[in-house]
Amino acid sequence: QSTAAVPKLPHTLSHLPPPSLSPSLPGPPTLPLLGNMLDLTRDHLPIHLTTLARRYGNIYRLYCGSTTMVILNSSEVIREALVKKWSDFAGRPPSYTGGKVSGGGWSISLGDYSKGWKAHRRIVHSALHRCTADSLHSVIEKQALHLKQVLLDYRERPVDLSEDFTVAASNVITTLAFGKSYEKSSAELQNLHGCLNEIVSLWGSPWISVLDSFPLLRRLPNPPFSRLMKEVARRDELIRDHLDEVKKGGGKEGGTLTASLLQHLEETSEETAQKITLTDTQMHMTTVDLLIGGTETTAAWLSWTVAFLLHRPEVQTAVYEELFSVLKGQYPQYSDRHRLPYLCALINEMLRLRPVAPLAVPHKAKRNSSIAGYFIPENTVVIPNLFGAHHDPEVWTDPYSFRPERFLEGGGGSLRALMPFGGGARLCLGETIAKVELFLFTAYLLRDFQFLPESPEELPDLRGVATVVLKTKPYRVIVRPRAQ
Ligand code: HEM
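Being a predicted model, the structure only gives us computed values, none of them experimental. (Residues numbered from 1 in each chain as written. Predicted model: local features only at pLDDT ≥ 70, side-chain atom pairs only at ≥ 80, totals over all residues.)

As a further point, take the overall build of the protein chain. Helices and strands together make up the secondary structure of the protein chain, namely 16 helices and twelve strands. Relative to its length of 484 residues, the protein chain is compact, with a C-alpha radius of gyration of 23 Å against a globular reference of 23 Å. In terms of overall dimensions, the protein chain has a C-alpha envelope of 75 × 55 × 45 Å along the principal axes. Put simply, the protein chain has 484 residues, and 44% of those count as buried. Put simply, of all contacts in the protein chain between residues at least 6 apart along the chain, 74% involve residues at least 24 apart. (Helix = DSSP H or I, 4+ residues; strand = E, 2+ residues; numbered from the N terminus. Rg over C-alpha atoms; globule rule 2.2 N^0.38 Å. Buried ≥ 20, exposed ≤ 12 C-beta atoms within 10 Å, placed from the backbone. Contact = placed C-beta atoms within 7 Å.)

This is how it looks when you write it as structure tokens:
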């Protein structure tokens, strides 16, 4: 961690305006009042920001209203900010809309870095560790086998699997959180996912993010924003019902995250030796964090994997043959991953090509600092463009092509440059859960089924749709059981 070469204002000069961004930092031309607003509302923002990086370099600036943003587009600069100088860049920018969806900034994902936030994240991290240590494998295995039955029941009819993937991923999280899983048709699940999905897609829309930079617009009617608020209210009611149910049972079922949090509501902070207490709002927002963070991401990743495999059937065959020759028909354990290098290479290549959180979550400079030698003042918004870093031609040979082999020895893939879960103080809280899920779901699916396009001409679009999560466009697939 370093804050070298960063000017600090003496107290006597604190009435001066705050220092501004290094003027030599490159960036596209700005429009009066709008700044670079037009760049930020482009279709498929990760691709657009990556195109700008080829012109302006791996670090450049954009302005939007009164907000200054620095976009980081290579793993080297992202690592410098998020890992090496983690305490300088661990903040989250306050935002009007973020405050509205995070119960006033009390979620882990949108809360700013502070002593209280750190304690909240640490308590949840250790509760997650406790509740997954023994059961994670069996929770995912159960969902993978349930998904198998659902796919068998389709009897090779062309189907869109996105909802089944969402249900499987969501059931892993709800089992860990409340000890409950749901059928796809259950009204409770439809309700929960209906509103979480809406929140994720509405919140990423330019009609809503514009409210963060242009406060005057908040006075005008904004139907997408009104819808967002309605969905947030619906989400809160559903989560409250779940938490009340667990509390009524005294949190005694044990083994679940919520029960663990209820039993350990108070922890002693190592630094201050003081008791740290989680409030009801923090408990509530933790559940939202895990459901939103852990459902659409994993589900979108599975949809991307099937979409790419439809384009490249020989990769499916290679994974199937590896699974069969190593495990002789058995299902794998996560500990078998070292014996399945091609399957792991496929997982890494999908995380590289389609990082499902392509722009991570915006960071904020907590103090004056620097990145790549450029001065970055306190409160600057920093966007890690993970999609751009994963397509950096300086690091990846032929970065746009799908080549799992690049992660096999000597294949030109660098695991160090792969950062799909971000890094440092804000590293994805569910990274461990996600890695076990991606491995087991993919292994089970490819052991049991062959995925075929509806017709040779109808292959899925591989560009996708980018909101907060990078998703596939809807497509249909034929799922053929493998003869075992
Ligand atoms: C944050 C990626 C699955 C919970 C993040 C971030 C990324 C990410 C890039 C932002 C890091 C940053 O701000 O620098 C992914 C990917 C996943 C995945 C690629 C799966 C393929 C999960 C799962 C959970 C989860 C399964 C929960 C069980 C969270 C939370 C945060 C987060 C709570 C906020 C962390 C913070 O602000 O401190 N994730 N994630 N994610 N993720 Fe994930």
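Looking now at the site of the ligand. The immediate surroundings of the ligand are formed by 27 residues, with Gly-293, Gly-294, Gly-422, Cys-428 and Gly-430 found nearest. Listed by contribution, the elements that provide at least two residues to the shell around the ligand are helix H12 (280-311) and helix H16 (431-448). Tallying contributions element by element places H12 first for the shell around the ligand, with seven residues. When its residues are assigned to classes, the shell around the ligand shows 17 nonpolar, seven polar and three charged. (Near = placed C-beta within 6 Å. Nonpolar A, V, L, I, M, F, W, Y, C, P; charged D, E, K, R; others polar.)

Here we take up the UniProt feature "binding site: heme" (unreviewed entry) in the protein chain. The UniProt entry lists Cys-428 under the feature "binding site: heme" (unreviewed entry), expressed in the numbering used here. Along the chain, Cys-428 falls in the loop between helix H15 (386-389) and H16. Non-local contacts of Cys-428, meaning those with residues more than four positions away in its chain, are made with Phe-421, Gly-422 and Ala-434. (UniProt positions renumbered as here; feature names shortened; annotations may be inferred.)

Of all six residues that make up strand E1 (residues 59-64), six are buried, and the element is covered over most of its length. Connecting E1 to the next strand, strand E2 (residues 67-72), in antiparallel fashion are two residues, including Gly-65 with a positive phi near 55°. (Pairing = 2+ DSSP bridges.)

Per-residue confidence for the protein chain gives a mean pLDDT of 90; residues scoring 70 or more make up 92%. Taken as a whole, residues 1-14 scores under 50 in pLDDT and shows 18 contacts with residues more than four places along the chain or in a different chain. This prediction of the complex comes with two scores: 0.92 for pTM and 0.99 for ipTM. (pLDDT = per-residue confidence, 0-100.)

Our focus in this paragraph is helix H5 (residues 115-133). Compared with an ideal rise of 1.5 Å per residue, which puts 19 residues at 27 Å, H5 spans 27 Å between its outermost C-alpha atoms and is within 8% of the ideal. Within the span of H5, buried status applies to Trp-117, Ala-119, His-120, Ile-123, Val-124, Ala-127, Leu-128 and Cys-131. Taken around the axis of H5, the buried residues stretch over an arc of 165°, which confines them to a single face. Among the exposed residues of H5, those pointing more than 90 degrees away from its buried face are Lys-115, His-129 and Ala-133. (Expected span 1.5 Å × (residues − 1). Arc of directions from axis to C-beta.)

Residues separated by three or four positions in an α-helix point in the same direction, a consequence of the helix having 3.6 residues per turn. With 18 residues, H16 should cover 26 Å at 1.5 Å per step; its first-to-last C-alpha distance of 26 Å lies within 8% of that length. Across the 18 residues of H16, 15 count as buried, placing the element largely inside the fold.

What follows covers the packing of helix H9 (residues 206-213) against helix H10 (residues 223-248). At their nearest, the axes of H9 and H10 sit 8 Å apart, and the two run at 95° to each other. Relative to H10, H9 is oriented roughly perpendicular. Along the contact surface, H9 presents Trp-207, Ile-208 and Leu-211, while H10 presents Pro-224, Phe-225 and Leu-228. (Axes fitted to C-alpha atoms, helices over the stretch in contact; angles between N-to-C directions. Parallel < 35°, antiparallel > 145°, perpendicular 65-115°, else oblique.)

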